[in-house]
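Chain and residue survey
The residues making up each chain are set out below.
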Amino acid sequence: MNQYESWLAKERQWNDDRIKAAARRNRRYLLLCPPLFALVSGAINLFSGGEIRNVLTSALGGAVFGAVTALIALPILHFFGHKTSSESYMEALKKQTVLLSPEQREEMALQLMSADAVCIQYKTDMNSAYPYEKAVAAKDYFLSSAYGTDHPLLLKLDQVSQIQTDTQSFTYRTIGNGYRLRMKQYYYTIQFCFYEKNPALSDAAEATVSLESQEIRDQIVESIKRQARI
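The shown structure was predicted, so the numbers you read here are calculated from the model rather than taken from an experiment.

**Some remarks on the pairing of strand 2 (residues 132–137)**
Where burial is concerned, most of strand 2 is hidden: six out of the six residues are buried. On strand 2, burial covers both faces: Tyr132, Lys134 and Val136 on one face and Glu133, Ala135 and Ala137 on the other are all buried. Strand direction decides the pairing type here: strand 1 (residues 118–123) and strand 2, joined by six bridges, are antiparallel. Across the sheet, the residue bridging to Ile120 is Ala135, located in strand 2. Bridge count between strand 2 and strand 3 (residues 141–148): three bridges; the pairing is antiparallel. Residue pairing for strand 3: Ala137 is matched across the bridge by Phe142. The antiparallel hairpin formed by strand 2 and strand 3 contains three residues in its connecting segment.

Shown next as C-alpha cells:
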C-alpha cells in the first residue's frame with residue numbers, strides 16, 4: 001500500500017467514525033421522543049383545563065406517537081445514512097486528487113499525515129449533520145471536511161492567490177412565549193481565491209468554508225499561513 005492509499009484509508013476511517021458518532025447522537029435524540037411527546041401532550045391537555053385522567057391519556061398517546069416516530073426513523077438512519085455519506089465523502093476526495101500526478105499524490109499524502117501538519121478538529125452545533133469537523137494544514141496542501149455536506153475541500157496551496165476572511169449573517173423568524181422573534185445567526189468564512197479556475201471545483205473561481213466560531217476560523221487561517229509561510 002502506497003502513501004496515497006494509506007491516506008485514503010485513514011480518511012475513510014475518520015469519516016466512518018464521525019458518521020457513527022452522528023448516528024449515536026441521533027439515536028439519543030430519537031430516544032427522547034417518547035418522553036418529550038408525552039410531556040408536551042400532557043401539558044397541553046393540563047393547561048387546557050383537562051382532568052387528570054385526560055392528561056394521563058394524552059401523555060400516553062404522545063408517548064406512543066413518539067415511540068412510533070423513533071421506530072420508523074431508527075432503521076432509516078441505520079441503513080441509509082452511513083453508506084451514502086461515506087461514499088460521497090470519499091468520491092469527493094478522489095475527484096479532487098485526480099489531476100495530481102502519482103508523485104504529487106504521494107507527497108500530498110505524506111504531508112497531510114505528517115506529524116508536522118496542523119490538524120484542528122472542532123465540534124459543531126446541533127443543526128449540523130455531524131458532531132465534529134476538521135481542518136488540516138500542511139506545507140503545500142490544505143484539507144477541510146466542512147466545505148459542504150459530505151463534500152470536503154482539498155487544495156494545493158500554490159494554486160491559491162489570496163485567502164480572505166469575512167463575517168456574515170442571516171436573519172430568521174421564530175416563536176417564543178407566544179411572541180414572534182427575529183433572530184440573527186452569524187457565521188465566519190474563509191474564502192480561497194485561485195489564480196485559475198479549479199477544475200476539481202467545477203467552474204468555481206473561489207471556494208468558501210463557513211464556520212460557526214470566529215476563534216476556530218482564525219486558528220485555521222493562522223495555521224495555513226504559518227505552515228505555507230504565506
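Moving on, there is more to tell.
**Regarding the nonpolar core**
Among the nonpolar cores identified, the biggest contains 22 residues, and Phe142, Leu155, Phe192, Ile220 and Ile224 are the most heavily contacted of them. Secondary structure elements with two or more residues in this core: strand 1, strand 2, strand 3, strand 4 (151–156), strand 5 (160–176), strand 6 (179–194), strand 7 (206–211) and helix 5 (214–228). Here this core takes four residues from helix 5, the largest share from any one element. Those residues in contact with Ile220, other than ones at most four positions away along the chain, are Ile120, Tyr122, Ala135, Phe142, Ile190 and Leu211. Core analysis: the next-biggest nonpolar cluster, separate from the first, contains 19 residues, Met90, Ala117, Tyr132 and Tyr141 among them.

**Points about the environment of Glu107**
Summarising the element assignment, Glu107 is placed in helix 4 (residues 102–113). Sequence separation between Glu107 and Asp140 is 33 residues; the distance between their C-alpha atoms is 9.2 Å.

**Section: a positive patch on the surface**
A cluster of basic residues, Lys20, Arg24, Arg27 and Arg28, forms a positive patch at the surface. Mapped onto the secondary structure, Lys20 falls in helix 1 (residues 3–31).

**Quick look at the sheet that holds strand 3**
To summarise the sheet geometry, strands pair through backbone hydrogen bonds and adopt either a parallel or an antiparallel arrangement. Reading across from one edge, 1-2-3-4 is the order of the four strands in this open sheet, with antiparallel pairing throughout. What marks the edges here is a single partner per strand, and that holds for strand 1 and strand 4. Taken pair by pair, the neighbouring strands of this sheet meet at an average axis angle of 20°, ignoring direction. Across the sheet, helix 1 touches strand 1, strand 2, strand 3 and strand 4, and the angle it forms with strand 2 is around 155°.

**Description of helix 4**
Along its 12 residues, helix 4 runs 17 Å from first to last C-alpha, staying within 8% of the 16 Å computed at 1.5 Å per residue. Restricting attention to buried positions, one finds in helix 4 the residues Arg105, Met108, Ala109, Gln111 and Leu112. All buried residues of helix 4 fall inside an arc of 165° around its axis, so they share one side.

What counts and what doesn't
Residues numbered from 1 in each chain as written. Predicted model: local features only at pLDDT ≥ 70, side-chain atom pairs only at ≥ 80, totals over all residues. Heavy atoms only, no water. Buried < 20%, exposed > 50% of the residue type's maximum accessible area, 1.4 Å probe, protein only. Helix = DSSP H or I, 4+ residues; strand = E, 2+ residues; numbered from the N terminus. Pairing = 2+ DSSP bridges. Core = buried A, V, L, I, M, F, W, Y, C linked by side-chain atoms within 4.5 Å. Contact = heavy atoms within 4.5 Å. Patch = residues over 30% accessible without salt bridge, like charges linked within 9 Å, V, L, I, M, F, W, Y side chains within 5 Å. Areas by Shrake-Rupley, 256 points an atom, 1.4 Å probe, with all protein chains shown as cover. Salt bridge = Lys/Arg side-chain N within 4 Å of Asp/Glu carboxyl O. Lys, Arg positive; Asp, Glu negative; His and termini not counted. Charge placed at Lys NZ, Arg CZ, Asp CG, Glu CD. Axes fitted to C-alpha atoms, helices over the stretch in contact; angles between N-to-C directions. Expected span 1.5 Å × (residues − 1). Arc of directions from axis to C-beta.

That is the geometry; function is a separate question.
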